[in-house]
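# Structural description and commentary
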Amino acid sequence: MSPDGTARGHPALRAWRLSQIVADTYERSKLAGFLYLFGWVVVGWLADAHRIAPVPAVAMAVVFLALGVMRLAMRPPPREDEAANRRWLRNYAWVLPLAPLAWAGLQAWLLLDARFSQPVRMASLVATIGYATVFVNVYTTVRHFAAVGAGVLFLPPLVLVWLDPGQQALAVAMTFYAVYLVGALVRTHAEYRRRLDLDVALREQRDLYEGLSRTDPLTGLANRRQFTARLDELAARAGRGGPGFTLVMIDVDHFKRVNDDHGHLAGDACLVGLAQRLQAVFPPDCSLLARLGGEEFGVLLEGDAASAAASAEALRRSLAAGAIDCGGVVVRVTVSVGVAGFDPVRHGDGEGLYRAVDRALYEAKGAGRDRLAIAS
Ligand SMILES: Nc1nc2c(ncn2[C@@H]2O[C@H](COP(=O)(O)OP(=O)(O)OP(=O)(O)O)[C@@H](O)[C@H]2O)c(=O)[nH]1
């Protein structure tokens, strides 16, 4: 298991999970760097630091400002770039503790330098406790970020307070608080992980149902719903002057006989075999292949009708010339085909093209089947 807990799951979900951790970490911490600058302005003003030690006082302010800007500037990479997100987390692991480290040095200075009064030390300790609390409650997207940040902030003053004989009561109280911080860190990190797991599970379910709602369960091709949506999309795009496209509709001839002669299961296997033949002729990366229902298939292809018709004709010929394996039985099937390229003026929209191709297919059937007709 990697530090971000992303070892399991589908790669896309794993990448999403990692990018969510990155996004959450950035969102939670992008402005928090400036809190140290604000804290130092308040505590430094209380401490009269600009008079006691002007150069270190200003230097600390500049350091906190620079570290705040640095955090803000580290914008997360694109979500889909898993390697870049992993790199970002690694880099951020170095950047995030820098401000706490600088604050810890400042805190040690305020506690050890006799020129600073007791109220100033108390004020700085209150700020330190606050920053450590923020770390364990907010930056728990990655547990070691929270642990390192809170540890760097809290442990040095705790040790210094224990070493001061006059501060034993405060040292005991801070020790109890340190124990609370450890418990809070474990709890908030577990809560974050649970929420993240739930988000991932919900996305997984959503992707699954979305896939099912767009896919024909028998052949794995697109279903009619997806086909219609894509047809409308292509027609709208072509209507706006976009690239042209062609619709091919393929209907198995006398498919009822396949069922009647060999059984429904053989009929199902035949449809699956036909879908595979379609995928071989019309590669899915340049077309949308759909089962429109029953024994009817639709193909949407970018480009003109002539090349689509040539591919469909090659398929028709190869089916007519041979036979296909339908789950153990070898069956000869022929197909009738209708083809038309989309013409925005003649067809108007996707439905208009569908009707034209359906008519051409009907003509091919009427003319004796096993043939291709191009819509006039
Ligand atoms: N095995 C199987 N058969 C199906 C499925 N869907 C539809 N059918 C069958 O497909 C047949 C379609 O019959 P028809 O519409 O009369 O068409 P046809 O027999 O192919 O004849 P033509 O289209 O006129 O050449 C029917 O017998 C349906 O039961 C399916 O998912 N699996």
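Keep in mind that this is a model prediction, so the values were computed, not measured. (Residues numbered from 1 in each chain as written. Predicted model: local features only at pLDDT ≥ 70, side-chain atom pairs only at ≥ 80, totals over all residues. Heavy atoms only, no water.)

## A word on the overall build of the protein chain
Assigned secondary structure in the protein chain consists of 15 helices and 7 strands. For the protein chain, with 376 residues in total, the buried portion stands at 45%. The long-range share in the protein chain, meaning contacts at least 24 apart out of those at least 6 apart in sequence, stands at 70%. Entry remark: accessible area of the protein chain is about 18700 Å², with carbon and sulfur atoms responsible for 62%. (Helix = DSSP H or I, 4+ residues; strand = E, 2+ residues; numbered from the N terminus. Buried < 20%, exposed > 50% of the residue type's maximum accessible area, 1.4 Å probe, protein only. Contact = heavy atoms within 4.5 Å. Areas by Shrake-Rupley, 256 points an atom, 1.4 Å probe, with all protein chains shown as cover.)

## Describing the pattern of salt bridges
Under the definition given, this model contains 21 salt bridges. The salt bridge involving D24 is made with R195; its shortest N-O contact spans 3.4 Å. Of the two residues, D24 sits in helix α1 (residues 11-29) while R195 sits in helix α9 (residues 168-214), which places them 171 residues apart along the sequence. Across the pair D207 and R206 runs a salt bridge whose closest N-O atoms are separated by 3.1 Å. The class for D207 is partly exposed, based on a relative accessible area of 37%. R206 gets classed as partly exposed once you look at its relative accessible area, which sits at 44%. The structure contains a network of salt bridges with shared partners spanning E313, R316, R317 and D370. (Salt bridge = Lys/Arg side-chain N within 4 Å of Asp/Glu carboxyl O.)

## Re the pairing of strand β1 (residues 245-252)
Summarising burial for β1: 8 of the 8 residues are buried, a large majority. Of the two faces of β1, both are covered, the one formed by F245, L247, M249 and D251 as well as the one formed by T246, V248, I250 and V252. In terms of strand pairing, β1 meets strand β3 (residues 296-302) through 7 bridges, oriented antiparallel. In the sheet register, M249 faces β3, and the bridge partner there is G298. (Pairing = 2+ DSSP bridges.)

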